[in-house]
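Overview (structure and organization)
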Number of protein chains: 2
Amino acid sequence: MNPDASARALIMKTDGRLTAARVRVLSCLLVQTQPCTHHEIESMLAAEEPMDRVTLYRVLDWLVEQSLAHKVSGEGQASRFRSGDAQTSHQHAHFECTSCSTLTCLEGIAIPSHILPPAGFHLDRSEFLLKGLCPACN
Amino acid sequence: MNPDASARALIMKTDGRLTAARVRVLSCLLVQTQPCTHHEIESMLAAEEPMDRVTLYRVLDWLVEQSLAHKVSGEGQASRFRSGDAQTSHQHAHFECTSCSTLTCLEGIAIPSHILPPAGFHLDRSEFLLKGLCPACN
DNA sequence: TACAATATTGCAACTTAATTGCATTGATAT
DNA sequence: ATATCAATGCAATTAAGTTGCAATATTGTA
């Protein structure tokens, strides 16, 4: 199934509307191997046809709400997004380069799931972030 | 030793100059039990006497450079700072509330140090971030 | 102690990331 | 087909952080 069709299928499973903007953004995220910033996604989409900045922000937020995408925290100021639910499809560590600030998914490194917060906290998900120099900058 | 004197002693060990701004900021960080944003530090300092925004940014960067403080990454757009070296004094997990976005140091939870990135990467330090609802929001 | 060298500060302007309000457009249930 | 309301597009605004440069303050040396 091509990314466009996959995106459509995923969006139709939600209670939201199937719109061109949502299909385009999710379709774009589905083919990425690394988390992308708002700006990177905007550029990729603009190659075909530009999308309004605010619409892109809102679509990304909506995708995260629907668990069709998730945010990855990094040191840089811009949020990064990747398709897939944070709970299930993304339980692996990330590497952030302190020099070029690219973020790499370390698919082979699972996040320790036995680590739990003290009583009173309700744990939703965990992130494990390694920092240093990526192969290119090293 | 009071925080002011501690701050002075720490700053004098560096090769930088001992300035009022540096002493005030480090002194403020030393008494905090949780990482604070630029804005929070600015407000706390302003209670006594306001400090220029840019000076505060530069002092914080300098403190991080000197390993007298370190940044903690969170989902929120604002960086958070805490006194102490990232390598030695801060090898524990953090909890970020997805509702009120406060960041809590989980002093009891050590960051797994045996987890290493693939060959080619140079690891500097690791962060372990738990997300969900804090006791207040839960 | 005074002085020169230069690190640090303060201010103004600017960049980048993200948000808000509102009128318009478009998806979908009937 | 069309009414309803979710979603979009645009303009303006807020928030976080940065840059350049002149003024000020710290510190080593005389």
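Data block above holds the structure.
Quick look at the structure, then. The model shown is predicted, which means the values in this text are computed figures rather than measured ones.

Quick look at the overall build of chain A now. Helix and strand content of chain A: four helices and six strands. Start at the N end of chain A and walk to the C end: the helices and strands fall as α-α-β-α-α-β-β-β-β-β. What you see for chain A is a C-alpha radius of gyration of 16 Å, in line with the 14 Å of a compact globule of 138 residues. In terms of overall dimensions, chain A has a C-alpha envelope of 40 × 40 × 30 Å along the principal axes. The contacts of chain A with a sequence gap of at least 6 include a subset with a gap of at least 24, amounting to 47%.

A few words now on the sheet that holds strand β2 (residues 69-72) of chain B. Residue and element names in this part refer to chain B. Taken together, the three strands give an open sheet; going across it, the order is β1-β3-β2, and neighbouring strands pair in antiparallel fashion. Of all the strands in the sheet, the pair left with one neighbour each is β1 (36-37) and β2. With four bridges connecting them, β2 and strand β3 (residues 80-83) associate as antiparallel partners. Paired with V72 across the bridge in β3 is R80.

When chain B is fitted onto chain A, the two copies agree to an RMSD of 0.2 Å after a turn of 179 degrees and an axial shift of 0.0 Å. Put plainly, the chains are arranged around a two-fold axis. Taking C-alpha positions as the reference, the residue of chain B nearest the rotation axis is B:F128, at 2.3 Å.

Take the packing of helix α2 (residues 20-30) of chain B against helix α3 (residues 38-48) of chain B next. All names here are of chain B. Contact pair α2 / α3: the axes reach a minimum separation of 11 Å and the direction vectors enclose 110 degrees. Our classification of the angle between α2 and α3 gives roughly perpendicular. Seen from α2, the contacting residues are R24, V25 and C28; seen from α3, they are I41, M44 and L45. Partitioned by chemical class, the residues of the contact of α2 with α3 number five nonpolar, no polar and one charged.

With 31 residues of chain B at the interface, the matching set in chain A holds 30 residues. It is strand β6 (residues 122-133) of chain B that contributes the most residues to the side of chain B that touches chain A, 12 residues altogether. Looking at side-chain class alone, the side of chain B that touches chain A contains 16 nonpolar, nine polar and six charged residues. As defined by bridge partners, strand β6 (residues 122-133) of chain A adjoins β6(B) across 11 bridges and the pair is classed as antiparallel. The partner of A:E127 across the bridge, within β6(B), is B:L129.

Right, let's talk about the protein's contact with DNA strand C for a bit. Residues in contact with DNA strand C amount to 23 residues; listed here are only the nearest, A:L18, A:S79, B:G16, B:A21 and B:T55. Sorting the residues of the surface near DNA strand C by element identifies α3 (38-48) and α4 (53-65) of chain A together with α2 and α4 (53-65) of chain B as the ones contributing at least two each. If you tally residues by element for the surface near DNA strand C, the top one is α4(B), at four residues.

Another point: unusual backbone geometry. Residue and element names in this part refer to chain A. Phi is positive for S67, which is not a glycine, with a value near 60 degrees. Tracing the chain through its elements places S67 in the loop between α4 and β2 (69-72). C-beta crowding within 10 Å serves as the criterion here: with 15 such atoms nearby, S67 is assigned to the partly exposed category. Phi at S101 is positive, roughly 55 degrees, even though this residue is not glycine.

The next subject is the sheet that holds β2(A). All names here are of chain A. Across the sheet, three strands lie side by side as β1-β3-β2; this open sheet has antiparallel pairing. Two strands close off the open sheet at either side, each with one partner strand: β1 (36-37) and β2. On top of the sheet, helix α2 (residues 20-30) reaches β2 and β3 (80-83); it is set at about 85 degrees to β3, its chief contact.

What follows deals with the environment of B:L133. Counting through the fold element by element, B:L133 comes out in strand β6. What makes B:L133 partly exposed here is the crowd of 18 C-beta atoms within 10 Å. Expressed as a C-alpha distance, the spacing of B:L133 and B:C97, which sit 36 residues apart in the sequence, is 4.8 Å. Non-local contacts of B:L133, meaning those with residues more than four positions away in its chain, are made with A:F121, A:H122, B:C97, B:T98, B:S99 and B:N138.

Moving on, we come to the environment of B:D124. Examined against the element boundaries, B:D124 turns out to sit in strand β6. Along the backbone, B:D124 and B:A47 are 77 residues apart, and their C-alpha atoms lie at a distance of 37 Å.

What follows concerns the protein's contact with DNA strand D. By nearness alone, 23 residues border DNA strand D, and A:G16, A:A21, A:T55, B:L18 and B:S79 come closest of all. At four residues, the largest contribution of residues to the surface near DNA strand D is made by α4(A). Partitioning the surface near DNA strand D into residue classes produces nine nonpolar, nine polar and five charged.

Rules of the game
Residues numbered from 1 in each chain as written. Chains lettered and ligands numbered in written order. Predicted model: local features only at pLDDT ≥ 70, side-chain atom pairs only at ≥ 80, totals over all residues. Helix = DSSP H or I, 4+ residues; strand = E, 2+ residues; numbered from the N terminus. Rg over C-alpha atoms; globule rule 2.2 N^0.38 Å. Contact = placed C-beta atoms within 7 Å. Pairing = 2+ DSSP bridges. Least-squares fit on C-alpha atoms with pLDDT ≥ 70 in both. Axes fitted to C-alpha atoms, helices over the stretch in contact; angles between N-to-C directions. Parallel < 35°, antiparallel > 145°, perpendicular 65-115°, else oblique. Nonpolar A, V, L, I, M, F, W, Y, C, P; charged D, E, K, R; others polar. Near = placed C-beta within 6 Å. Buried ≥ 20, exposed ≤ 12 C-beta atoms within 10 Å, placed from the backbone.

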